[in-house]
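# Observations on chain architecture
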Protein chains: 2
Amino acid sequence: MEMQIIRFPDPKDFDRLLARPVIDKVTLESDVRKILEAVKAEGDEAVRRFTLSLDKISSPVIQIGEEDFIRAEKNISEELKASMKLAKDNVEKFHRTQRELPQEIEIQKGVTCWRKSIAIERVGLYIPGGSAPLFSTVLMLGVPAAIAGCKEIILCTPPSKDGLINPAILYAARLVGIKKVFCIGGAQAIGAMAYGTKTVPRVYKIFGPGNQYVTAAKKLVNADGVSIDMPAGPSELAILADRFCVPAFVAADLLSQAEHGTDSQVILVSDEEEIISCVNSELKSQLELLPRKDIAAKALQNSKVFLVGSMEDGMNLINAYAPEHLILACKDSDKLAEKVVNAGSVFLGNYSCESAGDYASGTNHTLPTNGFARAYSGVSLDSFLKKVTFQRLTEEGLMEIGKAIEIMAEAEGLQAHKNAVSIRLKKS
Amino acid sequence: MEMQIIRFPDPKDFDRLLARPVIDKVTLESDVRKILEAVKAEGDEAVRRFTLSLDKISSPVIQIGEEDFIRAEKNISEELKASMKLAKDNVEKFHRTQRELPQEIEIQKGVTCWRKSIAIERVGLYIPGGSAPLFSTVLMLGVPAAIAGCKEIILCTPPSKDGLINPAILYAARLVGIKKVFCIGGAQAIGAMAYGTKTVPRVYKIFGPGNQYVTAAKKLVNADGVSIDMPAGPSELAILADRFCVPAFVAADLLSQAEHGTDSQVILVSDEEEIISCVNSELKSQLELLPRKDIAAKALQNSKVFLVGSMEDGMNLINAYAPEHLILACKDSDKLAEKVVNAGSVFLGNYSCESAGDYASGTNHTLPTNGFARAYSGVSLDSFLKKVTFQRLTEEGLMEIGKAIEIMAEAEGLQAHKNAVSIRLKKS
């Protein structure tokens, strides 16, 4: 296992060198479309059928009952509960700072405008099951939804082999105040939330990670008018490291990303050949000790190391890549942070490991992958709000700007737009 | 011409009564997909070909030259220039209030987080041509793009029959500082901006209204990873009116929306039968005087009037409909405004006509239609920014939250995530 080293890349080659692997989704999409159409037409009946056939659950129960939540709380350790509470508190603290109060501004005399943040009434969260029960994502999505004041927050997550839901997911759901949890996975869960069934309420926006079926389903319901958090892709980490870094820490961070999946991508950028070889040898020894070492080793094969002439060159390369996570393990991390243009979340210095943001520092871990950081933000309080604008014009206010409106409406050939002003000014 | 009146609708019937007309887009999408693929593969060559065949321009010029801008400035009246400057100033004033400065917060001792608004580097604006040259949309999109600090702001707009661009569009572009304007329309313009050609730079996010081809193209490039402002649909206005309203004003506002297109939708909600009949007779007489009366009359046929038992019932109906524009022509418009949940932009009182917000009050006129106001915001400064989160942990900070991270990572089965913390805490 050795990461591919590229020395002094030419900016002209950035696009090619930094290209993400392309996944063929055409066949997948037609399967997913069929599932969505069935759920839309048949509701719970279709959901039950897919849970039987795809999750191999013999007697599926769609909605989680109160007794399951009580059992879940009993089944997890006190130290895990305390850890989740600490994480929840920190995520809450950070996301509360994102609240914006309406601020009225008098644009001209008698023309007052403001905007108000209003919670999306109904949101749905999808939490993957499988090998890793991502209860941390329940906190990352549920906390801002609760702060925003969304009235209906529902959660879907697939059953494990025994037909149950991981207790940590249920505990996290209750911790953030989610009352309705449904044991549904895959595209059928996305369909149920997008179109509603007798049991599952329809929502206006769907959040959360998932496998290729979930991702394809979110994309399809989005094209059908249901809002989604952001387009998805495999998780990524870029690290910019100089002499100031600790190679063992850098290697540990690269591995923490690589263990997510064989399609995870990690990128190391450094201005020191020596740092690169130290990190590489640390990678080898640390990898051996990991339970998910096969996954991590495969992910490292897709990954790249860049030797650059200066930290500035390195920063340019990283902005061209637009990583989901970026660690600045360098002396001038504060200064370099100011040069970040394209990234989801940035970690400064030797003690800001990505794991901190994944779980407990307060920032959100639902972030734009696949270069989407060029145009998309990660999940924040804003993701659960709409910003509605308001305006009040007095008679005097309309007199101030009315003439300009009449002239522009006329020039655009919209006489009735003009008339809505003229009829008012005539009365004055 | 008489709008359909529905008296005392049952909330159970809201979904059916308020449903928007559904447009079949399947055949359209396959045509548009072909155009996009050709532009992606052949670049300028394909753009030229489609301009020849679809816009019927014999010798298409893709990029607008300096002399065209100079000619445009000469060709429009001083009063239109002054009106556009007033509008630009007001839009600028309002959108400047939307700026957010980074605010550092110490979550726990040694754990500091903040988020920073960073401009999307490259954005593309689409401005429709045709019967109404929408230069006002150039202001609505170009002003926030400039405030955000987007480095590359390009604009595409279709040629008129003589192969030229409306001078007001060119003047507006220069007014907001846009240097690169391309004379390309339809799906080929969206493709050129999404994938880039030799002449047209690739952008990361595409904004602006358009016909069904443009809308379908935006949807398709969005599914391909290019961000767009929002999904589109026909323009809409709902008015909630009580005894306090001026029926002639209400009728003028309904018509100003109805003239946009035959598929525009207007909805009037009132608690007074008398108001409804006064508005209806005003509609008849005002309609006769409009140059676009055929369009407006057709749009009114799709539209509805609701008689409700109380203003509260009316507000519930409107929140269920989620209109793009909402006028509160009522006595307690301030109080009612507080009950708005789903709307794009809200106009309070008798002198806040929709035209004001369309042109010059300062609020943005690019707003969510088709019920999207349930989950989407209108265009604002935010639309041109990404909000990137940052964090710095000191050694002490990691000690504060490290244990919780280790416990949660382990519970999620992610040993390497845990190890990234453990290796640092061991060194301490």
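A quick note: this is a predicted structure, and the numbers were derived from the prediction, not measured. (Residues numbered from 1 in each chain as written. Chains lettered and ligands numbered in written order. Predicted model: local features only at pLDDT ≥ 70, side-chain atom pairs only at ≥ 80, totals over all residues. Heavy atoms only, no water.)

## Points about helix α8 (residues 186-195) of chain A
All names here are of chain A. With nine of 10 residues buried, α8 lies mostly within the body of the structure. Buried within α8 are the following residues: Gly186, Ala187, Gln188, Ala189, Ile190, Gly191, Ala192, Met193 and Ala194. In the stretch just after α8, glycine 196 is the one whose phi turns positive, near 80°. (Buried < 20%, exposed > 50% of the residue type's maximum accessible area, 1.4 Å probe, protein only. Helix = DSSP H or I, 4+ residues; strand = E, 2+ residues; numbered from the N terminus.)

## Structural notes on the packing of helix α10 (residues 247-258) of chain A against helix α17 (residues 415-427) of chain B
Packing of α10 of chain A against α17 of chain B leaves a shortest axis separation of 7 Å and a crossing angle of 165°. Classified by the angle their axes make, α10 of chain A and α17 of chain B are roughly antiparallel. Of the two possible hands of crossing, α10 of chain A and α17 of chain B adopt the one that is left-handed. The residues of α17 of chain B that touch α10 of chain A, namely those facing Ala248, Phe249, Ala252, Asp253, Leu255 and Ser256 of chain A, are Ala416, His417, Asn419, Ala420, Ile423, Arg424 and Lys427 of chain B. Of the residues belonging to the contact of α10 of chain A with α17 of chain B, the class tally is seven nonpolar, three polar and three charged. (Axes fitted to C-alpha atoms, helices over the stretch in contact; angles between N-to-C directions. Parallel < 35°, antiparallel > 145°, perpendicular 65-115°, else oblique. Left-handed = near helix turned anticlockwise from the far one by under 90°. Contact = heavy atoms within 4.5 Å. Nonpolar A, V, L, I, M, F, W, Y, C, P; charged D, E, K, R; others polar.)

## Thoughts on the pairing of strand β14 (residues 385-393) of chain B
All names here are of chain B. Across the nine residues of β14, eight count as buried, placing the element largely inside the fold. Pairing analysis gives nine bridges linking strand β3 (residues 111-119) to β14, with the strands arranged antiparallel. If you follow alanine 119 over to β14, its bridge partner there is leucine 385. (Pairing = 2+ DSSP bridges.)

## Description of the interface of chain B and chain A
With 118 residues of chain B at the interface, the matching set in chain A holds 118 residues. Here chain B meets chain A over a buried area of about 10500 Å², counting both sides, of which 59% is carbon and sulfur. Three residues stand out in chain B for area buried against chain A, namely Tyr351, Glu412 and Arg424 of chain B, and they jointly supply 8% of the buried area on that side. At the boundary of chain B and chain A, one finds eight salt bridges. (Buried area = accessible area lost by both parts, 1.4 Å probe. Salt bridge = Lys/Arg side-chain N within 4 Å of Asp/Glu carboxyl O.)

## Quick word on the environment of isoleucine 423 of chain A
As for its position among the elements, isoleucine 423 of chain A is in helix α17 (residues 415-427). Sequence separation between isoleucine 423 of chain A and cysteine 245 of chain A is 178 residues; the distance between their C-alpha atoms is 70 Å. Those residues in contact with isoleucine 423 of chain A that lie beyond four places of it in its chain are Ala248, Phe249, Ala252 and Gln286 of chain B.

## Some points on the pattern of salt bridges
Between side chains of opposite charge, a pair can form when the charged atoms approach closely. Scanning all chains against the criterion turns up 48 salt bridges over all chains. Note that arginine 115 of chain B and aspartate 382 of chain A form a salt bridge whose closest N and O atoms lie 3.3 Å from each other. One end of the pair, arginine 115 of chain B, is in strand β3; the other, aspartate 382 of chain A, is in the loop between α15 (354-359) and β14 (385-393), on a second chain. Looking at arginine 115 of chain B, the relative accessible area reads 6%, which means it is buried. Aspartate 382 of chain A is the salt-bridge partner of lysine 387 of chain B, the closest N and O atoms lying 3.6 Å from each other. Here the residue lysine 387 of chain B occupies a position in strand β14, and aspartate 382 of chain A occupies one in the loop between α15 and β14, the pair thus bridging two chains. Taken as a pair, lysine 387 of chain B and aspartate 382 of chain A share a single burial class, namely buried.

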